[in-house]
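Secondary and tertiary structure notes
Letter by letter, the chains look like this.
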Amino acid sequence: MADVAVKTKEVTPQVSGAPKAEDALQARLAALDLPAGGFTAAARRDALARLRAMGLPGPRDEYWRYTDPATFSAAKAGAIGMEADEGPDGPLFDDLDRLKIVFVDGIFDADASDDLALDGIEIASLSQADGSGEHWAADLYGSLESAGQKPVARPFAALNTAAAKDGVLIRVTGRPSRPIHLIYRRRDEAADATWHHLVRVEAGAEATLLETGMAGARTNGVIEADLARGARLHHVAARRVGHEAVGLSHIFARVAAEAQFKSFTLSVNGTLMRHEGVIEFVGDDAVAHIAAAVLGDGKSGRFHHDDTIFITHGAERCESRQVFKKVLKNGAVGVFQGKILVRPGAQKTDGYQISQALLLDERSQFLAKPELEIYADDVVCSHGSTTGAIDEEAMFYLRSRGVPKDRAIVFLVLSFLADALQEVEDDGLRGQINDRLEAWLTRHATQ
Amino acid sequence: MLKIDNLHVKLEEEDKQILKGLSLEVPAGQVHAIMGPNGSGKSTLSYVLSGRDGYEVTDGSASLDGADLLDMEPEERAAAGLFLAFQYPVEIPGVGNMTFLRTAVNAQRKARGEEEMTSGEFLKAIREKARELQIDAEMLKRPVNVGFSGGEKKRNEILQMAMLAPRMCIMDETDSGLDVDAMRLVADGVNALRSPDRSFLVITHYQRLLNHIQPDMVHIMSKGRIVKSGGPDLALQVEEDGYGDLLAEAG
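Numbering of residues starts from 1 in each chain and follows the order in which that chain's sequence is written. For naming, the first written chain is A and the first written ligand is 1, with later ones following in the order written. Since the coordinates come from a predicted model, pLDDT governs what is reported: local features require at least 70, and pairs of side-chain atoms require 80 or more to be given and counted, while whole-chain, interface and lining totals use all residues.

Brief notes about the overall build of chain A
Strands here mean DSSP runs of E at least two residues long; helices mean DSSP runs of H or I at least four residues long; both are numbered from the N terminus. Check the secondary structure of chain A and you find nine helices and 19 strands. What the globule rule says is 2.2 Å times the number of residues to the power 0.38, and the radius of gyration is computed from C-alpha atoms. A compact globule built from 447 residues should have a C-alpha radius of gyration of about 22 Å, and chain A, at 22 Å, falls within 12% of that. Across its three principal axes, chain A shows a C-alpha extent of roughly 70 × 70 × 50 Å. Put plainly, a residue is buried at 20 or more neighbouring C-beta atoms within 10 Å of its own, exposed at 12 or fewer, and partly exposed in between, counting only other residues' C-beta atoms, which are placed from the backbone. In chain A, which comprises 447 residues, the share counted as buried stands at 53%.

So this is what it looks like as structure tokens:
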């Protein structure tokens, strides 16, 4: 190496920065009116102490490199318009036989919800159950969130555990005949909704959990999903939100031996959205798939969507699969941070990750940071990331058959998203999502 | 039906002239073949006629039934009755063959001011045509050309041709990559579509396809021009002697 003197610029530590950050956290907490909690009280106190120790993320935080956390850190949510959140197509999954659980501004609405009794499953609202000191969920509340803080801090998830107003507690003991559908609505135009769901799927049990709608002007949602041996959980979230919406969500999953966890998110619109998925295999021969289809149009202002995934293989012969697809136009920004961590001894791990963006114009951008960290020697792990435009060859092929250009774009976008949608196991659900996507794309193709 | 006059075409991105004054006329009901060595501009001709991006017409004209083709978008040319069977049909994962074809058929009908086909009518028609072409019903449900063999892709092109019922079909090296049986099946499909008001322009390297699809005229293309035209015998002459003598003779 050549001996060259390099002059480095000294960076003065910002002494004034620390108290300012503390003030911000203080202001954020003050605006929240923290519940004392019943069975969750200890977990809430613990989360608050952890949050104070880690602080809210700053703009220099590596994990927030591509997404500015300021909007999530701000003391209050900004008011946003009360446009019909479902859009012109109406609510999704409306004609499905399912058990509806409605939340308004993040608070359980018993009157709008179905009867929560269903064979093979126990359901309660967090706010109602939290009046007492004992509950099956006491061991779970905050435990996966807390475990998921290492090696990367997730302050907003700790904030959620401390501050969650409501949520649903689901214990699956059998095979309920209907999917559970969580429907989010909002009433207050500046609702700052914070909810926390717990899902425990007991050994050999199986359930489908659906989420749709928009819960607030700013949302902070956490799901802790605990899958026992041989359990199965299918999670499908379809989020078509208003253009101004700001949302943050975390899903923490602990997957025991031979269990199967599948999570798919469709995300349409929003100003600033970040979804973190934190999955850990704790038993052998388990499967976890996490996928997303994201459609972003920056036409109505800003669009920034961030998927941040962390999968830990802590057992042998587990299969993980991450499939993330983003369609971006009019200056939309997509972010993907995806990590596979293979612990020592997690032999025969099969880890796969793909993140792809389809840019419909030159102003949109995709920022991807795939990471593999492997400490076992007998594993198969692969990752790929691509960014591209519409395939001209395919476009010409379709048009040469008489398919008009706008319609051809819809076909090619659906084609691009197909791999992610394939992760929705149920044909009926997948079909409904596909139809919804097609309708949305057809409306937006020309704009 | 198809009239090409003194067509000059260069690549848009670079200063390279590909077609240098090509003239050709295909009357209604006729099959014309274009043969020629690699690089003579055969595929470019098919792309320019069907409206692919990347080419610039610097002179000349091309019309279908009197309508100026070069002025139209690719989908407008299709609605006007032009069809290009691709040398390499494109795979489109996630889009069902049936959905795609029904959209294409109805888009063309709509563009021509005709009534759209109902799904029942469409299903009936496509099943019938698929059977004739020995295309498995399962294949219709699969994504467009995904996982199709070379022969299946070409048969799928002919199926599309049959469903879209174009006036003018251009076939770009449809025989490439096909074994004898597959080629015969494709040729049978094409022959079944021959009619007094439908014409074909068959672009091929080899004479063998023309044993199955009998042309009315054969044109030899070289360096962006038609250098010799004649009856079916001309193709046999190419097969026996190669292009060398013919081109030398044409100067």
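Concerning the overall build of chain B
The helix and strand inventory of chain B stands at ten helices and twelve strands. The C-alpha radius of gyration computed for chain B amounts to 18 Å, which stays within 12% of the reference 18 Å derived for 251 residues, consistent with globular compactness. Dimensions of chain B along its principal axes, counting C-alpha atoms only, are 55 × 40 × 35 Å. Per-residue burial for chain B yields a buried fraction of 43% across its 251 residues.

Here's the deal with the sheet that holds strand β2 (residues 17-26) of chain B
Strands pair in a sheet through their backbones, by hydrogen bonds, and they do so in one of two ways: parallel or antiparallel. Residue and element names in this part refer to chain B. Two strands qualify as a pair provided DSSP detects at least 2 bridges between them. With antiparallel pairing, four strands are arranged side by side in an open sheet as β2-β1-β4-β5. Both outer strands of the open sheet, β2 and β5 (67-68), are each paired with one neighbouring strand and no more. Relative to β2, strand β1 (residues 2-11) is paired through seven bridges, and the arrangement is antiparallel. Bridging from a neighbouring strand, K3 pairs with E25 of β2. Set on the sheet, helix α1 (residues 42-50) makes contact with β1, β2 and β4 (55-64); between it and β4 the angle comes to about 70 degrees. Our contact criterion uses C-beta atoms placed from the backbone: two residues qualify when those atoms are within 7 Å. Axis lines are fitted through C-alpha atoms, for helices just across the contact stretch, and the angle between N-to-C directions can take any value from 0 to 180 degrees.

Let's talk about the interface of chain B and chain A
If you look at the interface, chain B gives 21 residues, while chain A gives 18 residues. Top element by residues in the side of chain B that touches chain A is helix α3 (residues 97-111) of chain B. It accounts for five residues. Residues belonging to the side of chain B that touches chain A are distributed by class as follows: 13 nonpolar, five polar and three charged. Residue polarity follows a fixed list, in which Ala, Val, Leu, Ile, Met, Phe, Trp, Tyr, Cys and Pro are nonpolar, Asp, Glu, Lys and Arg are charged, and the others, Gly among them, are polar.

Looking at the pairing of strand β6 (residues 192-201) of chain A
Residues and elements named next belong to chain A. With ten of its ten residues buried, β6 lies for the most part within the structure. Taken together, the four bridges between strand β4 (residues 168-172) and β6 define a ladder with parallel strand orientation. Directly across from V172, in β6, lies its bridge partner V201. Of the strand pairs in this sheet, β6 and strand β8 (residues 218-227) are connected by ten bridges, and their pairing is parallel. Bridge pairing in β8 places T194 opposite N220.

Some thoughts on the sheet that holds strand β11 (residues 217-222) of chain B
All names here are of chain B. Spatial ordering of the open sheet is given by β6-β9-β10-β3-β11-β12, a layout of six strands whose pairing is mixed. The sheet is open, and its two borders are formed by β6 (82-85) and β12 (225-230), each paired with just one other strand. Adjacent strand axes in the sheet meet at a mean angle of 20 degrees, parallel and antiparallel pairs treated alike. Pairing of β6 with strand β9 (residues 168-172), which is carried by four bridges, proceeds in the parallel orientation. Residue pairing across strands places L82 opposite M168, the latter belonging to β9. Along the sheet face, α1 touches β3 (31-35), β6, β9, β10 (199-204) and β11 and points at about 145 degrees away from the line of β9.

Re the pairing of strand β1 (residues 99-104) of chain A
Residues and elements named next belong to chain A. Pairing geometry for β1 and strand β5 (residues 180-185), over six bridges, is parallel. Within β5, the position partnered with I101 by the bridge is L182. Two strands pair when backbone bridges link them, and β1 and strand β2 (residues 107-108) are joined in this way by two bridges, in the antiparallel orientation. In the strand pairing of β2, F103 is matched with F108. In sequence, β1 turns back onto β2 through a hairpin of two residues, with D105 there showing a positive phi of about 50 degrees.

A few points about helix α8 (residues 405-421) of chain A
All names here are of chain A. The span one expects for a helix is its residue count, reduced by one, times 1.5 Å. Helix length check: α8 (17 residues) gives 24 Å between terminal C-alpha atoms against 24 Å at 1.5 Å per residue, within 8%. Two axes enter the definition of the bend at a residue: one is fitted to the seven residues ending there, the other to the seven starting there, and the bend is the angle between them. Within α8, the axis deviates most sharply at S415, by approximately 30 degrees. Counting buried residues along α8, twelve of its 17 residues qualify, which places the element largely inside the surrounding structure. Along α8, the residues that are buried comprise A408, I409, V410, F411, L412, V413, L414, S415, F416, L417, A420 and L421.

So, the environment of V144(B)
Residue and element names in this part refer to chain B. Mapped onto the secondary structure, V144 falls in strand β8 (residues 143-144). C-beta crowding within 10 Å serves as the criterion here: with 27 such atoms nearby, V144 is assigned to the buried category. When the C-alpha positions of V144 and G96 are compared, they lie 5.7 Å apart, and in sequence the two are 48 residues distant. Setting aside anything within four residues of it in sequence, one finds V144 in contact with E91, I92, V95, N97 and F100.

As for the environment of W195(A)
Residue and element names in this part refer to chain A. Mapping W195 onto the fold places it in strand β6. Sequence spacing of W195 and G221 is 26 residues, and the spatial spacing of their C-alpha atoms is 5.0 Å. When near neighbours in sequence (up to four residues on either side) are disregarded, W195 contacts F103, G106, A164, K165, D166, G167, A215 and G221.

Looking at the confidence of the model for chain A
Averaged over every residue, the pLDDT of chain A is 91; residues scoring 70 or more account for 94%. pLDDT gives the predictor's per-residue confidence on a scale running from 0 to 100. The low-confidence segment residues 1-17 of chain A, where pLDDT is below 50, has zero contacts with residues more than four positions distant or belonging to other chains.

Notes on the nonpolar core
All names here are of chain A. The nonpolar core criterion groups buried Ala, Val, Leu, Ile, Met, Phe, Trp, Tyr and Cys residues into a set whenever they are joined through C-beta atoms within 7 Å. Grouped together as the largest cluster of nonpolar side chains are 201 residues, with contacts concentrated most on L227, V255, F411 and V413. If you tally residues by element for this core, the top one is α8, at eleven residues. Residues contacting L227, with those up to four places away along its chain left out, are V201, L233, A253, R254, V255, A256, A259 and F261.

Section: the packing of helix α4 (residues 119-132) of chain B against helix α6 (residues 150-164) of chain B
Residues and elements named next belong to chain B. Running from N to C, α4 and α6 cross one another at 135 degrees; their axes reach a closest spacing of 10 Å. With respect to α6, the axis of α4 lies oblique. Handedness of the crossing formed by α4 with α6: right-handed. For the pair α4 and α6, contact is made by A125, I126, K129 and A130 and by L159, A162 and M163, respectively. When its residues are assigned to classes, the contact of α4 with α6 shows six nonpolar, no polar and one charged. Roughly parallel means an angle under 35 degrees; roughly antiparallel, over 145; roughly perpendicular, 65 to 115; everything else is oblique. Should the near helix be turned anticlockwise from the far one by less than a right angle, the crossing is termed left-handed; should it be turned clockwise, right-handed.

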